[in-house]
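Structure at a glance
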Amino acid sequence: MCISLRTTNLKYEVMTVEETINFLDNLVYQQTGEHLNRLEQSIIRGVLQSWTYKEIQENDPIARGYCVGYLGRYVAYKLWKKLTKVLKQAEIIGPDEKVVAANLWDCIMRSLQQGILPGKPADPMLGKLMRMRYRITEHLVSTEYSDTYLAEDENLPDHPFCLVKRLKSQSKKTSQMYDRETRVLYRLGHHDRIPELLARFEEDGYFYLVYEFIEGQPIAQELIEGQPWEEKQVISLLQDILEILVFVHKQDIIHRDVHPQNLIRRTSDGKIVLIDFGAVKEINNSQCSTGQTKSCGGTQQDYIPPEQAVGTPRLCSDIYAVGILGIQALTGMRPRQLKVNSMGNLIWREKANVSPQLATVLDKMVLYAFPERYPSAVEALQALQNL
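In this text the structure is predicted, and so the values were computed from the model without any measurement.

About the cut-offs
- Within each chain, residues carry numbers counting from 1 in the order of the written sequence.
- Only residues with pLDDT of 70 or above have their local features reported here, since the model is predicted, and side-chain atom pairs are shown and tallied only from 80 upward, although totals for entire chains, interfaces and linings are computed over all residues.
- Calculation of side-chain values draws on the structure's entire complement of heavy atoms; hydrogens and water are dropped beforehand.
- Here is the rule: rings of Phe, Tyr and Trp (six-membered ring for Trp) pair when centre to centre is within 6.5 Å. Planes less than 30 degrees apart are stacked, more than 60 are edge-to-face, and the remainder are tilted.
- We count a stretch as a helix when DSSP gives it H or I for four or more residues in a row; a strand needs E for two or more, and each element gets its number in order from the N terminus.
- Relative accessibility decides the category of a residue: with a 1.4 Å probe and only protein chains considered, values under 20% of the type maximum give buried, values over 50% give exposed, and everything between is partly exposed.
- For salt bridges, the criterion is a side-chain nitrogen of Lys or Arg within 4 Å of an Asp or Glu carboxyl oxygen.
- Should DSSP find at least two bridges between two strands, the strands are regarded as paired.
- Here, axes are lines fitted to C-alpha atoms. For helices the fit covers the stretch in contact, and angles between N-to-C directions go from 0 to 180 degrees.
- Contacts are assigned to residue pairs that have any heavy atoms within 4.5 Å of one another.
- Expected helix span is taken as 1.5 Å per residue step, with the number of steps being one fewer than the number of residues.

Moving on, we get to the packing of aromatic side chains. In this structure the tally under the stated criterion is four aromatic pairs. Arranged with centres 5.6 Å apart and planes meeting at 65°, the rings of Phe161 and Phe213 form a pair that is edge-to-face. Taken together, the residues span a long stretch of sequence, with Phe161 in strand β6 (residues 161–167) and Phe213 in the loop between β8 (206–212) and β9 (216–218) at a distance of 52 residues. Owing to a relative accessible area of 22%, Phe161 belongs among the partly exposed residues under this scheme. On the basis of relative accessible area, Phe213 is assigned to the buried category, the value being 16%.

Here it is in structure tokens:
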């Protein structure tokens, strides 16, 4: 689909929908230093094709894992608010005007009429074809060690999505991280609820990993403050996560980064998928960097147990993170809102509607003293199944 737009010299500029999205992304980046995220781009893509939010949810693979109300009342609302602020700062719309779906076309035309022309994406990776196969379409997330991009596999029918991770540094330490992650994923092999490693390569001096793309939404979007879950929902979630960790722990591997953003509820069957094995540690492997064990800050700190925070993780460190997730779901409270007793253990039972049996299991999962926790996912899962 192409769009004809009149410019200031009265010539028509023809842009595809994707070029129009890039144009808006560049405009936002120039004003805020941040790119449009993939859901925001999905909303724009649908609006440019005159789709309703329901049609966007049904037809766009990125939006398919989200409910229509969330797309319209949350994602789109914040998007129009962001575009309104950006276009006001650029003096494209007046102080009393707002950007909404109905006038998006008009706002784009006015931008062009003021001489703001489409430019190349600010990130040189966008649009790049890697290995004559993986077309980079969007920058998803940046961490201290890597950038992750959404890409299309142009060698396969329908160009399915995949994830391309580029490690930032070219140092010996980065090379060790690269080797560790690929080695671990190779050891894990093919597991239905762990994204498959599709490829690894070096290009232009950088290390790249290509992963299977999981269509769904992170558990973080389900854990809403002030909205506690029913006990049976929590047990189901815990069992789902622990089933994956049983497989991981049996390979003597600690994930070390279990938190709501790394747990995806898969659209196709509602099952939990565990992602991001970039922080894994293999037990008794001297090549692993203990420095990578320590917390780098952020919301995931809530799920890091004391021993991991000081650089000595155990299998039961993953169990601690899962237990914190369960308590968060039961209480509807963020972990940092809960107090601890003189032994360093969480005080949470009175905040939740929970049976004594499940509360006892969760208490053991999150004990401050790691030797007293369930030693691995095997024992924790067995305790849940015995309820």
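Attention now moves to the pattern of salt bridges. Enumeration over the complete set of coordinates arrives at 20 salt bridges. When the shortest N-O distance is used, the salt bridge between Arg133 and Asp153 registers 2.7 Å. A residue pair is termed long-range when its members are at least 10 positions apart, and Arg133 in the loop between β3 (129–130) and β4 (134–142) and Asp153 in strand β5 (residues 146–153) qualify at 20 residues. Of the residues examined, Arg133 reaches a relative accessible area of 26% and is grouped as partly exposed. The salt bridge partner of Asp276 is Lys165, with a shortest N-O separation of 3.8 Å. Placement of the pair is Asp276 in the loop between β12 (272–274) and β13 (281–282) and Lys165 in strand β6, with a sequence separation of 111 residues. What you see here is one network of salt bridges that share partners, running through Arg193, Asp240, Glu243 and Lys271.

Right, let's talk about the sheet that holds β9 for a bit. Sheet architecture is open: three strands sit in the order β9-β11-β12, paired in antiparallel fashion. Whereas interior strands pair on both sides, the edge strands pair on one side only; in this sheet they are β9 and β12. Strand-to-strand twist in this sheet, taken as the mean axis angle between neighbours without regard to direction, amounts to 35°. Judged from the three bridges that link them, β9 and strand β11 (residues 263–266) form a sheet pairing that is antiparallel. Pairing of Gly216 across the sheet is with Arg266, part of β11. Sitting on the sheet, helix α7 (residues 231–250) is in contact with β11 and β12, with an inclination near 40° to β12.

With that out of the way, let us pick up helix α6 (residues 172–188). A turn of α-helix holds 3.6 residues, and therefore any two residues three or four places apart point the same way. Taking 1.5 Å as the rise per residue, α6 with 17 residues should run 24 Å; its terminal C-alpha atoms sit 24 Å apart, in good agreement. For α6, the full list of buried residues reads Thr174, Met177, Tyr178, Arg180, Glu181, Thr182, Val184, Leu185 and Leu188. Positive phi appears at Gly189, one or two residues downstream of α6, with a value of about 65°.

As a further point, take the sheet that holds strand β7 (residues 197–203). The sheet built from six strands is open, its strands ordered β3-β4-β5-β6-β8-β7 with antiparallel pairing. Both outer strands of the open sheet, β3 and β7, are each paired with one neighbouring strand and no more. With five bridges joining them, β6 and β8 adopt antiparallel strand pairing. The residue of β8 that forms the bridge with Val164 is Val210. Here α6 sits on the sheet in contact with β6, β7 and β8, set at roughly 25° to β8.

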